[in-house]
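# Chain and residue survey
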Amino acid sequence: MSSVKVAVRVRPFNSREIGRESKCIIEMTGATTAITNPKVPPNTSEAVKRFNFDYSYWSHDPRDSDFSTQTMVYKDIGEEMLQHSFDGYNVCIFAYGQTGAGKSYTMMGRQEEQQEGIIPMICQDLFDRIHKTENDELKYSVEVSYMEIYCERVRDLLNPKNKGNLRVREHPLLGPYVEDLSKLAVTDYQDIHDLIDEGNKARTVAATNMNETSSRSHAVFTIFFTQRRHDTMTDLTTEKVSKISLVDLAGSERADSTGAKGTRLKEGANINKSLTTLGKVISALAEVSASKKKHNKKADFIPYRDSALTWLLRENLGGNSKTAMIAAISPADINYDETLSTLRYADRAKQIVCKAVVNEDANAKLIRELKEEIQKLRDLLKAEGIEVQEGPDGKVVCEKRDANKDELNKSTGTGIKSPSKARNRNGSTTDMAVDQLQASEKLIAELNETWEEKLKRTEEIRLQREAVFAEMGVAVKEDGITVGVFSPKKTPHLVNLNEDPNLSECLLYYIKDGLTRLGTHEANVPQDIQLSGSHILKEHCTFENRNSTVTLLPHKDAIIYVNGRQLVEPEVLKTGSRVILGKNHVFRFTNPEQARELREKITENEAENEVEKADAPQVDWNFAQCELLEKQGIDLKAEMKKRLDNLEEQYKREKLQADQQFEEQRKTYEARIDALQKQVEEQSMTMSMYSSYSPEDFHQEEDVYNNPMYESCWTAREAGLAAWAFRKWRYHQFTSLRDDLWGNAIFLKEANAISVELKKKVQFQFTLLTDTLYSPLPPELASSVAPLQQEDEFGAPPVSKTLVAVEVTDTKNGATHYWSLEKLRQRLELMREMYHNEAEMSPTSPDYNVESLTGGDPFYDRFPWFRMVGRSFIYLSNLLYPVPLVHKVAIVNERGDVRGYLRIAVQPVLDEESIDFNNGVKQSARLVFNEDDAKPKYRALNEKDDVQRYIDNGGLDSKLEELEDVDSGRGIDSNSASECPENAEEPGEHLQVGKEFTFRVTVLQATGIGAEYADIFCQFNFLHRHEEAFSTEPVKNSASGAPLGFYHVQNITVPVTKSFIEYLKTQPIMFKIFGHYQTHPLHKDAKQEFVSRPPPRRMLPPSIPISQPVRSPKFGPLPCPPSSTVLAKHDVLVWFEICELAPNGEYVPSVVEHSDDLPCRGLFLLHQGIQRRIRITIVHEPTPEVKWKDINELVVGRIRNTPESSDEQDEDACVLSLGLFPGEVLDVPGDDRSFYRFEAAWDSSLHNSALLNRVSQGGETIYITLSAYLELENCARPAIVTKDLSMVIYGRDARTGPRSLKHLFSGQYRNPEANRLSGVYELSLRRASEAGSPGVQRRQRRVLDTSSTYVRGEENLHGWRPRGDSLIFDHQWELEKLTRLEEVGRMRHLLLLRERLGMDTNPNPTTKTEKDVCNLAARAATSPVHMVIPQSPQTPVKDPQQILPEREYNQREQDLMLKCLKLVQAGRFAKNEANDTQTQSDVSPSDEGCADMTVSCISSNSMELCSPDRADAPNGWEAPAPATQPALPLRLYVPELEEIRVSPVVARKGLLNVLEHGGSGWKKRWVTVRRPYVFIYRSEKDPVERAVLNLATAQVECSEDQAAMVKIPNTFSVVTKHRGYLLQTLGDKEVHDWLYAINPLLAGQIRSRLARRTLEPASQTASQIQASSAANANSANK
């Protein structure tokens, strides 16, 4: 709803007012208009009246600074109303005021520049916006009508046939309309301008005959504006229809002022009547609006029908329209009464409120309702016995047959005339029905009329109008523009000739008396005849017409041909001459005087001329062209013959090439067919060999290895490796989970669609469930994974299996259920049945309850009263010693989120204490442990498989351990620690087998539980005894933050067995916390309550997926990825540049905007329509096995405007193979790295992609994928470099620069070497023999993706999508959180037990209990917790030998400890490549690694700390050199280049002094650490990486010996396989920060070693003080 916008405009004084010396009584301040009463003394309350309007325009004096022009009025009112019309609203603008107040000037204006009114300007802007926004999906159509209301009679001003008065009718849907009013279709602004001009002139001509003037009538110009938008996705076309009504009201006047008498007085009365009615309507509408604001339900009567004007404007006044009123007033004091009336009139109109709605798709609904109405009328007439037919002229013809008298009566249009009295009584009813039927028929015919029919009807009306104008003495010239009286055709003229006969003689150019200039519109002097073309000069020629003789005067350098001869001098033109101007414009000159004389001669010599006329050729375009060629000496036949010969030769040449290519392809296909046939024969031979054995041979286990098919020479170690690999393959199950996710997505989507349509408050989504300690599977889902919980055929421990389930979110009851995929399919069948049978409850039924939800509704399940808050676990190893412990453990839900904390006390009960039950003991119980109860149900999520049973003792291979550690990231598990000798020690006396042992579990308090849970209680049990659970009493949760006190004491008595002792050592007690869920987390702000820490970036997929290589037209389909042994890996740095042709003829790199926030980390800024080249530079360390030979092909494809790409785009025609330039090896001075560069010419127009051919739209980014196929020496396949590039295309002459101010002010884009994009790749060289083996290669699998399949009702899901691969990433993060929580809980228990036993105060264990604790700590060091219990910082270190335990360790324990130490420092097992190969063959891998670690890390007092595999640094200032690497033997490799997405996390960045091995000296460089890479830049503003260091293959050293040798402080070295770097920080405090960013473990060791050194003097000082104090005390006693 919006009110009518009202504007007031005051005009200047007219001549009448100036003559009477009138004074200005109007003042305007902002939007306020004030009028002064000249008859009242000034400075009185009634002297000045003020009115507030939306706009007040001061147009009185043009010299004033605040003078309002026509443009300002249009900007405020016209543009807003035009925008409303484009939005689909009806719009109305009408001007009101007294006669001569400036209404017509405001609405129509004058035909002068800057003087146009609102109507011409709104029409001009309408078509300007149409031309700018019209496209294939959006079409516009405009129709206009023009009528006037004079003396309450309506006349059509555009159709001269409608001379009579038109009837104003009203339709229930359309409202008031004028019957038979012409609606003409227009295509541009000129059409509307002509129609307005012709309508005004028709009114003017009619005024002469009928004594009517424009000021005596109301003019209404209506524009019907239709927008048709076609949606390509749904293939639906929608329409918006807007009606723009522009009303110019007749001037209000007073009879005494005008002195009107007779007819003029009658006209004035009618005008004042319509305007008075308009005022009444406005007043009534204002009262209605005011009463609605006061909530008054009084129904006021609006007198719309009292006047034709108000009846037609009913929708525009308080109806479906956006309305604006312009009140024009006079500033003179003599017109005070009329001006005051106008202002009051406008003030009342300001209070009107309109209810405008968007008019969309009204035609279809209207046509349907009109058809129904017509059918009802036909049925009504048929019931009267009247048959309705359509006559030949389109009118309705009614026939009625009398049963008594067999006579036929016809009635057309006005009803039925019957002599019978009964018919006379029913005649009026029949007349009304027929009349209404005819009106509806006319409306439906007009609505069904197509656009072409409307244009045709407009043309017919135009012809009729021209004919009528001709009868009235008014004629239209042939150009269709000017309306006026024709002069006799005596003027010479030019007629155009065209190659198309239909376009010939369509243009007529008159040559006036005197000079007629011809040229272009760019000439300084305006040209009379303006032509366009490349060979038309600005001033081409001049025609001089003197006494009916036309002379053609050519200008300098003008191309003019007259009758085939080029014209240089002036020449007199004769009628019929052919004039060619430029190269394309051909005319025939006609002089009417000469033609008349020629006709007279023809009549005199008629007989002679008949023969000449028969022989004379027809003068047309062909005649003029042939004449021109003949005069210029060009033989057309010879030219055509020459062209035909050239085409024939080209055809023969191309046919020969095509035959050769076909022959080559035929030979290639035959060779492929032969190869495939050989492969089939080999496979058939192999299958026949398989078939020669019977099934019984394969089932005999004792003979299976004796079978020749299964001959194997595996050793025990190889068998263990095979078993380990089989179990790893078996439990890597995420690929099968991906199949389940994408394969069942269609069922999930269908269930959600049915839920939405049936208005069920249930949502379905995929989830992954793993049977872990914190998230056990529901019983109905646990049965599907029960077989995997047992040991397999290799005796491996059980592994938790992950399965795909459906999370059912019940938003009505706040419950969440989990369904299996099978249950989803079963429920989906019931959902379909419910959907088809419409078996949902009616809206009038009562609210749902639990019984109705679960009785037969497949969407809902029963939900428990108490919900699970979370679980906690308490280990019982303190009962072995025995000591009491109080634990504070986290309450963790199934997602890994901490929901609160629980305090539990676990203590043993001695014999004397077990008798006393008065110490708060609440309950007691007795349990019996069987021998099978100690086997754990759950396995650690990253626990290593035990392969010791397959491998002999002492023969554990380091390669197997390296593979296990790299894959799992953990060391040796706790099960292997149980084999240590200390585990065989007997337990304490209180745990003797056969005795009864009692311990107490006390549930103290719970804290941090959310307020949404009420009535909290706790339940705990042993892991394998779910049926024997102990529960506390419910406690009210007051939500005040106070702890919830349970204070539940449970005594448990257990007969001691071996299984019970094993359970105490390894397994915990499970605590479950339940609560009554009183609020629904799925309502309101529940999502904010489940705020959890987001997963780390390494668990998330990259910002833009790494694209697969673009398929090469030359190499065909991409080869399968190799899976053979990797022989070598190299880090490769690749620079990408896009060069553009500069004005100096050189190719210059285009500007690149660098930013880590961009998907490709860089954006190329290109120019449109300029030749380009792609330049690629490959940089790597020099190595003998990597030598680039040549570039085979560079392919560019996958043109898109989104970062994500699809391999299916390779099938399109946009894939292009570029023309290559030879590659070259660069020699960069001062850099000994290998540089290989190549270029390719890139013509982006050959892609046939609109994204590359045009200038990029605002905010649009274009992405391409390029793949370079490079040939390497000693490689069987090409190496493929694939990169995604992003770019923005600007105009050809646009100045490109960074779009951000940061890059703009830095000025780095001006550096040509900065305009490149870098990529880090890893080159892997594999063995070629294994790469081609069918047994090694993996099959390429395509996942069945059903997520994009359409299901019914999918459009109601509003963009919902089933979860896919991201769910697997999230679930991996959840499993990692649960694993960390379990490990942290175990380690916290061990540390608490250590503190309780007093190990922090006594470093040397002496008692048996303390030794047991030390053994327990040693076992914890080998557990998956992956850390050793640290030494207490409170213990002074007196002697390094005292750090080690007193007891001795066997050889196996020493090996395990040394391996753990190596894991702590390097994180992986590595071999010392510096040792001699003969020594490696003698020493076992374990001993070798331990010896190297002992030498390098446990050195003397030099405090030398380094990474594993350190190499001795040379003396002097030279940077450390890398260790010499043995070169790989020359063999045939298979290369694989994989792009490495650099981590967005920057660990450290800053300036460092860098000394490179073999370099010239120190250089200050900008260094950035993005683990596991270190990037070196030239400066801080350099955006391009110049060097890359891989920390995964490098060693970092920082020691005092190295600093003493270099004699430079704050230095550390980084040594890679190929070169070494010595780095110096700028400050002392930065050394540790840089080391922590590069190698955190090394930095931590240095910090701890420094702390110990500072601690030793303090401890020595303390001991001396104690000794001196003791001595003083002894002397005092003596």
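Keep in mind that what you see is a predicted model, and the values were worked out from it rather than measured.

Along the polypeptide, L1251 turns up in helix 29 (residues 1250-1253). Classification of L1251 as buried rests on a relative accessible area of 13%. For the pair L1251 and I1199, spaced 52 residues apart in the sequence, the C-alpha separation amounts to 7.5 Å.

The next thing to look at is the side chain of T458. The topology assignment puts T458 in helix 12 (residues 451-471). Looking at T458, the relative accessible area reads 16%, which means it is buried. At a separation of 2.7 Å, a polar atom in the side chain of T458 contacts the main-chain carbonyl oxygen of K454. Ignoring sequence-local partners within four residues, the contact set of T458 consists of L184 and A185.

Spatial ordering of the open sheet is given by 23-22-32-31-28-29, a layout of 6 strands whose pairing is antiparallel. Pairing within the sheet leaves two strands with one partner each, and these edge strands are strand 23 (508-510) and strand 29 (565-566). In this structure, strand 22 (residues 493-497) lies alongside strand 32 (residues 585-590), joined through 5 bridges in antiparallel fashion. Within strand 32, the position partnered with L497 by the bridge is V586. Across the sheet, helix 15 (residues 621-632) touches strand 22, strand 28 (560-562), strand 29, strand 31 (578-581) and strand 32, and the angle it forms with strand 31 is around 75 degrees.

Here we take up the pairing of strand 62 (residues 1573-1577). The element strand 62 is extensively covered by neighbouring structure, given that 5 of its 5 residues are classed as buried. The two faces of strand 62 match: Y1573, F1575 and Y1577 on one face and V1574 and I1576 on the other face are all buried. Pairing geometry for strand 61 (residues 1563-1570) and strand 62, over 5 bridges, is antiparallel. Among the inter-strand pairings, V1569 is bridged to a residue of strand 62, identified as V1574. Linking two consecutive strands that pair antiparallel, namely strand 61 and strand 62, is a turn of 2 residues. As paired elements, strand 62 and strand 63 (residues 1587-1590) share 4 bridges and run antiparallel to each other. The partner of F1575 across the bridge, within strand 63, is V1588.

Turning to helix 20 (residues 745-757), a few remarks are in order. Its 13 residues give helix 20 an end-to-end C-alpha distance of 19 Å, which sits within 8% of 18 Å, the value for a rise of 1.5 Å per residue. A745, L748, K749, E750, A751, N752, A753, I754 and S755 are the residues of helix 20 that are buried.

Mean pLDDT for the chain: 75, with 71% of residues reaching 70 or above. Taken element by element, the predicted model of the chain shows its lowest mean pLDDT in helix 36 (residues 1485-1497) (31) and its highest in strand 49 (residues 1172-1180) (95). Below a pLDDT of 50 lies the segment residues 205-214, which in the model reaches 14 contacts outside its immediate sequence neighbourhood of four places, other chains included. With pLDDT under 50 throughout, residues 403-425 is counted as low confidence; its partners more than four residues away or in other chains account for 36 contacts.

With respect to the helices, strands and loops of the structure, C1214 is situated in the loop between strand 50 (1188-1200) and strand 51 (1216-1217). The class for C1214 is buried, based on a relative accessible area of 12%. Along the backbone, C1214 and I1199 are 15 residues apart, and their C-alpha atoms lie at a distance of 7.1 Å.

For the bond running from Y881 to P882, omega is -20 degrees, close enough to zero to count as cis. As for its placement among the helices and strands, P882 is situated in the loop between strand 36 (866-875) and strand 37 (885-892). With an omega of 10 degrees, the peptide bond between R1571 and P1572 qualifies as cis. Mapped onto the elements of the fold, P1572 is located in the loop between strand 61 and strand 62.

Spatial strand order, 33-34-35: 3 strands in an open sheet with antiparallel pairing. Among the strands making up the open sheet, the edge pair consists of strand 33 (762-770) and strand 35 (815-820). Across this sheet, the average inter-strand angle for adjacent strands is 35 degrees, counted without regard to direction. As paired elements, strand 33 and strand 34 (residues 802-810) share 9 bridges and run antiparallel to each other. Its bridge partner being in strand 34, Q765 is matched across the sheet by E807. Taken strand by strand, helix 20 contacts strand 33 and strand 34, and its axis lies near 150 degrees from that of strand 33. Its contacts with the sheet place helix 32 (residues 1365-1396) against strand 33 and strand 34, and it is angled at close to 50 degrees to strand 33.

The rules we used
Residues numbered from 1 in each chain as written. Predicted model: local features only at pLDDT ≥ 70, side-chain atom pairs only at ≥ 80, totals over all residues. Heavy atoms only, no water. Helix = DSSP H or I, 4+ residues; strand = E, 2+ residues; numbered from the N terminus. Buried < 20%, exposed > 50% of the residue type's maximum accessible area, 1.4 Å probe, protein only. Polar contact = N/O pair within 3.5 Å; in protein donor to acceptor, adjacent residues only side chain to side chain. Contact = heavy atoms within 4.5 Å. Pairing = 2+ DSSP bridges. Axes fitted to C-alpha atoms, helices over the stretch in contact; angles between N-to-C directions. Expected span 1.5 Å × (residues − 1). pLDDT = per-residue confidence, 0-100.

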